[in-house]
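A look at the structure
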Amino acid sequence: MQQTPELLRLLLDAGVEFVLIGGVAAIAHGSATFTQDCDIAAPFTEANFSRLLEALAPYHPRYALAGPKRPVTESAGELATYRNLYLLTDLGRLDILSEVQALGPYKDWADRAISLELYGRQCRIISLDDLITVKRHLGRDKDRLVERELLALRARKSPNDP
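Before going into details, it helps to say that this report is about the structure given with it.

Criteria and cut-off values
Residues numbered from 1 in each chain as written. Predicted model: local features only at pLDDT ≥ 70, side-chain atom pairs only at ≥ 80, totals over all residues. Heavy atoms only, no water. Buried < 20%, exposed > 50% of the residue type's maximum accessible area, 1.4 Å probe, protein only. Helix = DSSP H or I, 4+ residues; strand = E, 2+ residues; numbered from the N terminus. Contact = heavy atoms within 4.5 Å.

Let's shift gears to helix α6 (residues 128-138). Among all positions of α6, only Leu-128, Asp-130, Leu-131, Ile-132, Val-134 and Lys-135 are buried. Looking at the packing, one finds that the buried side of α6 touches α2 (22-28), β6 (99-100), α5 (106-109) and α7 (141-156). Positive backbone phi, at 65 degrees, marks Gly-139, one or two positions downstream of α6.

Turning our eyes to something else, we now look at unusual backbone geometry. Backbone geometry at Ala-102 places phi at a positive 80 degrees, although glycine is not the residue there. Counting through the fold element by element, Ala-102 comes out in the loop between β6 and β7 (104-105). The phi torsion at Tyr-119 lies on the positive side, around 55 degrees, for a residue other than glycine. Relative to the assigned elements, Tyr-119 resides in the loop between β8 (114-118) and β9 (121-125). Tyr-119 gets classed as partly exposed once you look at its relative accessible area, which sits at 25%.

Bear in mind that shape data such as this cannot, by itself, settle questions of function.
Set out below in structure tokens:
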């Protein structure tokens, strides 16, 4: 996760619309979990992918799941037709989802995201309750551990905390 701050600052400064999800979101909520990638959910629009591609261009985006890690050469319009996008960059791995299991498409839950200062920028982060729902739904051992930790963090929060 050492390059995640640079990656997030880059996306935020470029005006990419997204909500932080996954391990980095859990850390932002107070979890002690470890992650090696950055997971976001975003609207899959040509305008949003234009901003994303422009921001990532100097960091050599390539497909994370392709056999040979070939460079991203598709247009923003083409990428907007995808369901998910898994990228490797010089700043680390970035997984971009159009929907989140247990919550549905981005537009159905993104308005519940909270805004926190993260790495010196205001960043939209999946709500704690929604993140708990996602971890419970995924049900892998690592997700169950994070779910229990997030439940404990929620129990300790005051009603005025985000």
